[in-house]
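# Tertiary structure, described
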Amino acid sequence: ETGVTQSPTHLIKTRGQQVTLRCSSQSGHNTVSWYQQALGQGPQFIFQYYREEENGRGNFPPRFSGLQFPNYSSELNVNALELDDSALYLCASSSTGGAYEQYFGPGTRLTVT
Amino acid sequence: KQEVTQIPAALSVPEGENLVLNCSFTDSAIYNLQWFRQDPGKGLTSLLLIQSSQREQTSGRLNASLDKSSGRSTLYIAASQPGDSATYLCAVRPGQAGTALIFGKGTTLSVSS
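Worth saying up front: this structure is predicted, and the values here are computed from it rather than measured.

Another aspect to go through is the overall build of chain A. When helices and strands are tallied, chain A shows zero helices and eleven strands. Written out in order from the N terminus, the α and β elements of chain A read β-β-β-β-β-β-β-β-β-β-β. For 113 residues, the compact-globule estimate of 2.2 N^0.38 gives 13 Å, and the C-alpha radius of gyration of chain A, at 13 Å, lies within 12% of that figure. Principal axes of the C-alpha set define a box for chain A whose edges measure 40 × 25 × 25 Å. Within the span of chain A, comprising 113 residues, buried residues form 47% of the whole. Relative to all contacts within chain A whose residues are 6 or more apart in sequence, the contacts with residues 24 or more apart total 53%. For chain A, the computed accessible surface area is about 5,300 Å², with 47% contributed by carbon and sulfur atoms.

Across its full length, chain B carries zero helices and eleven strands. Reading the secondary structure of chain B in the N-to-C direction produces β-β-β-β-β-β-β-β-β-β-β. For a compact globule of 113 residues, the expected C-alpha radius of gyration is about 13 Å, and chain B comes in at 13 Å, within 12% of that figure. With the C-alpha coordinates of chain B rotated into their principal frame, the extents come out at 40 × 30 × 20 Å. Counting the 113 residues in chain B, one finds 44% classified as buried. A separation of at least 24 residues holds for 54% of the contacts in chain B among residues at least 6 apart in sequence. With an accessible surface of roughly 5,200 Å², chain B has 48% of that area assigned to carbon and sulfur atoms.

Turning to the sheet that holds strand β6 (residues 56-59) of chain B, a few remarks are in order. Residues and elements named next belong to chain B. Taking strand neighbours across the sheet as the criterion, the five strands line up as β1-β3-β8-β7-β6 in an open arrangement whose pairing is antiparallel. Looking at strand neighbours, the two that pair on one side only are β1 (4-7) and β6, the edges of this open sheet. Recorded for the sheet is a direction-independent mean angle of 15° between the axes of neighbouring strands.

Here the focus is the state of the cysteines. All names here are of chain B. The full count for this structure, using the stated rule, is two disulfides over all chains. The residue that forms a disulfide with Cys23 is Cys90, at a sulfur-sulfur distance of 2.0 Å. Judged by the sign of its S-S torsion, about -60°, the cystine formed by Cys23 and Cys90 is left-handed. With Cys23 in strand β3 (residues 19-25) and Cys90 in strand β9 (residues 86-94), this pair connects stretches of sequence that are 67 residues apart. Each member of the pair, Cys23 as well as Cys90, is classed as buried.

Residue and element names in this part refer to chain A. Inspection of the secondary structure assignment puts Thr108 in strand β11 (residues 108-112). In this structure Thr108 comes out as buried when scored by relative accessible area, which is 0%. At 2.6 Å, the side chain of Thr108 forms a polar contact with the backbone oxygen of Pro8. The residues touching Thr108, leaving out its near neighbours within four places in the chain, are Gln6, Ser7, Pro8, Thr9, Leu21, Ala87, Leu88 and Tyr89.

As a further point, take the interface of chain A and chain B. Taken together, the contact pairs 19 residues of chain A with 21 residues of chain B. Carbon and sulfur atoms supply 53% of the area that chain A and chain B bury against each other, a total of about 1,500 Å² over both sides. Where chain A touches chain B, the interface holds zero salt bridges. Viewed at the interface, chain B and chain A are joined by five residue pairs in polar contact (both at pLDDT 80 or more). Sorting the residues of the side of chain A that touches chain B by element identifies β4 (31-37), β5 (44-50) and β9 (87-94) of chain A as the ones contributing at least two each.

Here we take up unusual backbone geometry. Going from Ser7 of chain A to Pro8 of chain A, the amide bond is cis rather than trans, its omega being -10°. Positionally, Pro8 of chain A belongs in the loop between β1 (5-7) and β2 (10-13). In the segment running from Ile7 of chain B into Pro8 of chain B, the intervening peptide bond is cis, with an omega of 0°. If you trace the backbone, Pro8 of chain B turns up in the loop between β1 and β2 (10-14). Phi is positive for Ala79 of chain B, which is not a glycine, with a value near 45°. One can find Ala79 of chain B in the loop between β8 (72-77) and β9.

Rules of the game
- Residues numbered from 1 in each chain as written.
- Chains lettered and ligands numbered in written order.
- Predicted model: local features only at pLDDT ≥ 70, side-chain atom pairs only at ≥ 80, totals over all residues.
- Heavy atoms only, no water.
- Helix = DSSP H or I, 4+ residues; strand = E, 2+ residues; numbered from the N terminus.
- Rg over C-alpha atoms; globule rule 2.2 N^0.38 Å.
- Buried < 20%, exposed > 50% of the residue type's maximum accessible area, 1.4 Å probe, protein only.
- Contact = heavy atoms within 4.5 Å.
- Areas by Shrake-Rupley, 256 points an atom, 1.4 Å probe, with all protein chains shown as cover.
- Pairing = 2+ DSSP bridges.
- Axes fitted to C-alpha atoms, helices over the stretch in contact; angles between N-to-C directions.
- Disulfide = S-S within 2.5 Å.
- Polar contact = N/O pair within 3.5 Å; in protein donor to acceptor, adjacent residues only side chain to side chain.
- Buried area = accessible area lost by both parts, 1.4 Å probe.
- Salt bridge = Lys/Arg side-chain N within 4 Å of Asp/Glu carboxyl O.

Put into structure tokens, the structure is as follows:
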């Protein structure tokens with residue numbers, strides 16, 4: 001069974017640029033959630049995708065957008081990067097029904113300069 | 001609005017000690033609660049999940065309890081080892097199965113040999 005994978009591992013971008021982060025969900029999981037974790041803080045929910053549609057969103061501006069593909073993998077896009085976007089971005093997958101336990105990937109460390 | 005608090009923020013203990021990490025939440029209407037472990041700069045590893053109808057879950061040296069009415073959960077670690085050193089995060093899933101996790105800021109544990 002393959003776990004949740006994310007790419008790239010690290011990324012350095014300049015303020016104002018755009019970035020795309022990628023996530024492959026765990027085998028058999030159809031729901032993907034994205035979280036942002038600033039240094040010393042708990043993860044904050046960005047949004048969730050189920051059946052290729054966004055079905056929940058946290059308190060993040062529209063420049064944070066995403067996609068889910070038919071194979072349940074997902075992308076997180078951030079436009080007009082700001083310094084405060086520097087964080088660890090975590091992807092989590094789960095399957096509907098049952099305990100809805102979430103399994104997290106290793107994260108992508110984004111640094112905005 | 002659901003809020004999750006973890007006390008203490010940091011904890012240092014000698015190897016072999018039994019310890020308790022605390023998690024409190026403001027709204028008792030939760031679907032389930034998960035405890036995670038996070039090593040520095042890494043993703044989250046799920047340790048235990050407790051459904052709202054359960055009182056506790058055990059895995060090896062770890063035991064997690066849930067008291068929904070008082071809005072509290074504890075993670076008990078028996079016979080601590082240096083390899084247990086990490087940040088431990090508590091997260092609640094409010095109300096329904098498909099809602100996002102709400103995290104505390106974590107307790108950073110250091111176990112000295």
